[in-house]
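Observations on chain architecture
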Amino acid sequence: MTTEQSDSIAYGRLMHRAMRGLIQTVLEDVAKDGLPGDHHFFVTFDTRQDGVEIADWLRERYPEEMTIVIQHWFDGLIVDDDGFSITLNFGDNPEPLRVPFDAILTFVDPSVEFGLRFETQGEDGPEDEPPEPDGDDTPEDETEDHQDAEVVSLDRFRRNH
């Protein structure tokens, strides 16, 4: 058994990697076969993250984070090990986007009440459970490295019937 500088298992980092892999697999399946049934995704990402490619007018409108919906119309979904590219329709204006997996803050499929939220914490930040989201769209401070993943509260993505 080898001893490294850390004497603990980095569960947060391992969970982060596993959850990004889950998103990659889901999007690869959708790129190949389309969205099955009522499945659709809300993907919130940090627009300031290296590798994010969006139109200038979108970056001006969403300077910190943006939520996209992958549902009725999308085109050119291409998934690789680092992220995905997709063309979405913004008011009858198709726009190509590039979203690295490391930029994703939340990934939600409300059709099956599944969601992930990637927490941002500093390198030496606490591993405590973060507070539940309060349901508004006020962005949290997203300037630190992504460290943890958890199931996200779906309340902010539910439709009122």
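Here, every reference points to the structure presented above.
Each chain carries its own residue numbering, running from 1 in the direction its sequence is written. The predicted origin of the model limits local features to residues at a pLDDT of at least 70 and limits the giving and counting of side-chain atom pairs to 80 or more, whereas totals for whole chains, interfaces and linings rest on all residues. Side-chain calculation: all heavy atoms of the structure are included, whereas hydrogens and water are not.

**Considering the overall build of the chain**
Helical segments are the DSSP runs of H or I of at least four residues, strand segments are the runs of E of at least two, and each set is numbered from the N terminus. Summing up its helical and strand segments, the chain has two helices and eight strands in all. Along its sequence from the N terminus, the chain presents helices and strands in the succession α-β-α-β-β-β-β-β-β-β. Across the 161 residues that make up the chain, the buried fraction comes to 40%. Any pair of residues with heavy atoms lying within 4.5 Å of one another is described as a contacting pair. Excluding contacts between residues fewer than 6 apart, the proportion of contacts in the chain whose partners are at least 24 apart in sequence is 59%. Here the accessible surface of atoms and residues is derived via Shrake-Rupley with a 1.4 Å probe, and residues count as covered only by protein chains that are part of the display. Looking at the chain as shown, the accessible area adds up to about 10,200 Å², and 46% of this sits on carbon and sulfur atoms. Each residue is placed in one exposure class: buried if its accessible area under a 1.4 Å probe, protein chains only, is under 20% of its type's maximum, exposed if it is over 50%, and partly exposed if it falls in between.

**Structural notes on the pairing of strand β4 (residues 83-89)**
Counted residue by residue, β4 has five buried out of seven residues, so it is predominantly covered. Here a strand pair is declared whenever DSSP counts at least two bridges between the two strands. Direction of pairing for strand β3 (residues 74-79) relative to β4: antiparallel, over a ladder of four bridges. Paired with aspartate 75 across the two strands is threonine 87, which belongs to β4. Where β3 folds back onto β4 in an antiparallel hairpin, the turn is made up of three residues.

**Digging into the environment of threonine 25**
Within the secondary structure, threonine 25 sits in helix α1 (residues 11-33). Residues threonine 25 and valine 79, 54 residues apart in the sequence, show an inter-C-alpha distance of 8.9 Å.

**A closer look at a nonpolar patch on the surface**
Taken together, the side chains of Ile9, Tyr11 and Leu14 present a nonpolar region at the surface, about 340 Å² in accessible area. Structurally, tyrosine 11 can be placed in helix α1. Grouping into patches uses exposed residues only, defined as over 30% relative accessible area, and leaves out salt-bridged ones; the cut-off is 9 Å for like charges and 5 Å for nonpolar side chains (Val, Leu, Ile, Met, Phe, Trp, Tyr). Only one rule defines a salt bridge in this text: a Lys or Arg side-chain nitrogen within 4 Å of an Asp or Glu carboxyl oxygen.

**Concerning the sheet that holds strand β5 (residues 94-100)**
One open sheet holds the three strands; their spatial order is β3-β4-β5, and the pairing between them is antiparallel. Two strands bound the open sheet, and with one partner strand each, they are β3 and β5. Taken pair by pair, the neighbouring strands of this sheet meet at an average axis angle of 15 degrees, ignoring direction. On top of the sheet, α1 reaches β3 and β4; it is set at about 130 degrees to β3, its chief contact. Lines fitted to C-alpha atoms define the axes here, with helix axes fitted over just the stretch in contact, and angles between the N-to-C directions of these axes take values from 0 to 180 degrees.

**Overview of the packing of aromatic side chains**
Centre distance within 6.5 Å is the pairing criterion for rings of Phe, Tyr and Trp, where only the six-membered ring of Trp is used; planes under 30 degrees apart are then read as stacked, over 60 as edge-to-face, and the remainder as tilted. With the rule as written, the count across this model stands at three aromatic pairs. On the numbers, 6.5 Å between centres and 45 degrees between planes, the contact of phenylalanine 84 with phenylalanine 101 is tilted. Of the two residues, phenylalanine 84 sits in strand β4 while phenylalanine 101 sits in the loop between β5 and β6 (104-109), which places them 17 residues apart along the sequence. For the pair shown, phenylalanine 84 and phenylalanine 101 are each scored as buried.

**Details of the nonpolar core**
Side-chain atoms within 4.5 Å link the members of a nonpolar core, which is a set of buried Ala, Val, Leu, Ile, Met, Phe, Trp, Tyr and Cys residues. Ranked by size, the top nonpolar core spans 28 residues in total, and within it Leu27, Ile68, Ile70, Phe84 and Ile104 carry the most contacts. Here this core takes four residues from α1, the largest share from any one element. Excluding residues that lie within four positions of it along the chain, phenylalanine 84 makes contacts with Leu27, Val43, Ile68, Ile70, Leu77, Ile78, Val79, Leu97, Arg98, Val99, Phe101 and Ile104.

**Quick word on α1**
For α1, built from 23 residues, the straight-helix expectation of 33 Å at 1.5 Å per residue is met to within 8% by its first-to-last C-alpha distance of 33 Å. Taken as a whole, α1 has its buried residues at Gly12, His16, Met19, Arg20, Ile23, Gln24, Leu27 and Val30. Just downstream of α1 lies glycine 34, where phi reads positive at about 85 degrees. The span you would expect from a helix comes to 1.5 Å times its residue count less one.

**Thoughts on the pattern of salt bridges**
With the rule as written, the count across this model stands at two salt bridges. Note that arginine 48 and aspartate 46 form a salt bridge whose closest N and O atoms lie 3.1 Å from each other. A relative accessible area of 4% places aspartate 46 in the buried class.

Nothing here speaks to function; it is all geometry.
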